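Secondary and tertiary structure notes
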Amino acid sequence: MIAKFTVSNFKGFNQEFSFDLQNTNGYNFNTSSVEKGIVNNALIYGHNGVGKSNLGLAMFDIVGHLTDKSLNKNEYSFYLNALNKSTTAKFHYEFLFDDKILVYEYEKNDINTIIAEKVVIDGETFALIDRRVNEIAEINFKGTENLKKELTNGLSLLKYIKNNALLEDTEINSVLLKLYGFVDKMLLFRSLEDKKYIGLEVGAISVQQDIINRDNVSGLEVFLNTAGIECKLNVVKEFDSDILAFNYGSINIPFADIASQGTKSLAIFYFWLQRLKEVATVSFLFIDEFDAFYHHELSEIIIKELKKTGVQFILTTHNTSIMTNELLRPDCYFLMHKDAIQSLAKSTQKELREAHNIEKMYKAGVFNV
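These remarks concern the structure in this document. Since the structure is predicted, the reported quantities are computational estimates derived from the model, not experimental observations. (Residues numbered from 1 in each chain as written. Predicted model: local features only at pLDDT ≥ 70, side-chain atom pairs only at ≥ 80, totals over all residues. Heavy atoms only, no water.)

As a further point, take the packing of aromatic side chains. On inspection of all chains with the given rule, the structure shows 27 aromatic pairs. Judged by centre distance (5.1 Å) and plane angle (25°), the ring pair of F246 and F255 falls under stacked. When its relative accessible area of 7% is taken as the criterion, F246 is described as buried. According to the relative accessible area criterion, F255 is buried, its value standing at 3%. Here the basic side chain of R275 rests over the ring of F271, its NZ or CZ set 4.2 Å away from the ring centre. (Phe/Tyr/Trp six-rings, centres within 6.5 Å; stacked < 30°, edge-to-face > 60°. Buried < 20%, exposed > 50% of the residue type's maximum accessible area, 1.4 Å probe, protein only. Lys NZ or Arg CZ within 6 Å of the ring centre and 35° of its normal.)

Given below as structure tokens:
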């Protein structure tokens, strides 16, 4: 799990910006939303322009150099903050694997080039390189003794270890392997666009084609009807290709031609939900503007479906109607400003209880970062 993330000099984040998922309050309701003292289900609120989307991009920067999964490098143009005088962006992750804290931090001057990199497990450094000093790496994992220690061209030290070392079966190496597996299964997507995602998959994906190929058309039909969209779906031929269509008795109309933006957004969510339901397929999920086209009751359905998967997830939203203790808890709702983010629980001196109407309190200005 991701326990804490800190970034600076990346896009809109000029100074150090920390997102701490460990600062929980021990509430005895919605306990599944927190696991081992770490927030497992989080919703982020904030005005337009505070950096919610950039926070997702920052957290998923790690995918670009530790995996070969899709990254959408166009999203990472204008990499450094325009006002910061430093030549590198700094990233700091704290993960919990097997009850051990793994700290991974690095600095980059663009999406491809790593200047410095460090891995610390339970307080002990196991990998280190700082190219501002030299290009000689320090590597202390068992099984890496014969690796070349000089790394040029800004390559990732951790990816070099991943691709070239035969790691011994040790407790520390197991934690490192957990990191590789976790990052390999991270997923970010937006409900606004079906082709923009980061992580998990490789290459372009057709949502409709995937649903058809997986024989999930009837499942999508049930899902849409449950969401309040009464419809019947069919698969028809168009220019020698199978496409999804709405069925109106003797007439089939292509899904893409008449589906509302909200319905298309639901189809995108259903597409990813099938992967989330597959055991150990997704490790961490970030959905930006997850309910941009949803009625608030539908937003609740989406959150409940996500909670069933057990996957650690973060959603950004402007929808305060789902700011309720019936869904999550005050230490799982976060308020974000340009220079800080913290939970509702940490944004007031009031003792919050399950019976409190936290949406009403939010609108009354009770919470301040």
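After that view of the structure, there is still more to cover.
Direction vectors running N to C along helix α3 (residues 157-164) and helix α4 (residues 171-184) enclose 105°, while the axes themselves pass 12 Å from each other. Considering their axes alone, α3 and α4 lie roughly perpendicular with respect to each other. Where α3 abuts α4, its residues L158, I161 and K162 lie against L176, L179, Y180 and D184. Counted by class, the contact of α3 with α4 contains 5 nonpolar, no polar and 2 charged residues. (Axes fitted to C-alpha atoms, helices over the stretch in contact; angles between N-to-C directions. Helix = DSSP H or I, 4+ residues; strand = E, 2+ residues; numbered from the N terminus. Parallel < 35°, antiparallel > 145°, perpendicular 65-115°, else oblique. Contact = heavy atoms within 4.5 Å. Nonpolar A, V, L, I, M, F, W, Y, C, P; charged D, E, K, R; others polar.)

The next point concerns the packing of helix α8 (residues 261-277) against helix α9 (residues 296-309). Packing of α8 against α9 leaves a shortest axis separation of 10 Å and a crossing angle of 15°. As far as their axial angle goes, α9 and α8 are roughly parallel. The way α8 lies across α9 gives a crossing that is left-handed. In this structure, α8 uses L266, F269, L273, L276 and K277 to contact α9, whose residues at the interface are L298, I302, E305, L306 and T309. (Left-handed = near helix turned anticlockwise from the far one by under 90°.)

It is worth spelling out empty space enclosed by the protein at this point. Applying the stated criterion across every chain, the model contains 2 cavities of 30 Å³ or more. Around the largest cavity, the lining residues are L57, N72, E75, L188, R190, K196, Y197 and I198. Looking at side-chain class alone, the lining of the largest cavity contains 4 nonpolar, 1 polar and 3 charged residues. (1 Å grid on protein atoms, 1.4 Å probe; cavity = no way out; pocket = protein on both sides within 12 Å on 5 of 7 lines; lining within 4 Å. Points joined across faces, edges and corners; volume = space filled by probe spheres on them.)

One non-glycine residue, K36, lies in positive phi territory at about 55°. Assignment of secondary structure puts K36 in the loop between β3 (34-35) and β4 (38-39). Unusually for a residue other than glycine, F239 sits at a positive phi of about 55°.

This part covers helix α1 (residues 52-59). Along an α-helix, a turn takes 3.6 residues, which lines up residues three or four apart on a common side. A large share of α1 lies buried, amounting to 6 of its 8 residues. Residues of α1 that are buried include every one of K52, L55, G56, L57, A58 and M59, and no others.

Empty space within the largest pocket amounts to approximately 480 Å³. If you trace the largest pocket, you find 19 residues lining it, with M1, E35, F97, F182 and S283 closest to the centre. Taken together, the elements giving at least two residues each to the lining of the largest pocket come down to β6 (89-97) and α4. With 4 residues, α4 is the single largest residue contributor to the lining of the largest pocket. Here the lining of the largest pocket is built from residues that sort into 8 nonpolar, 6 polar and 5 charged.

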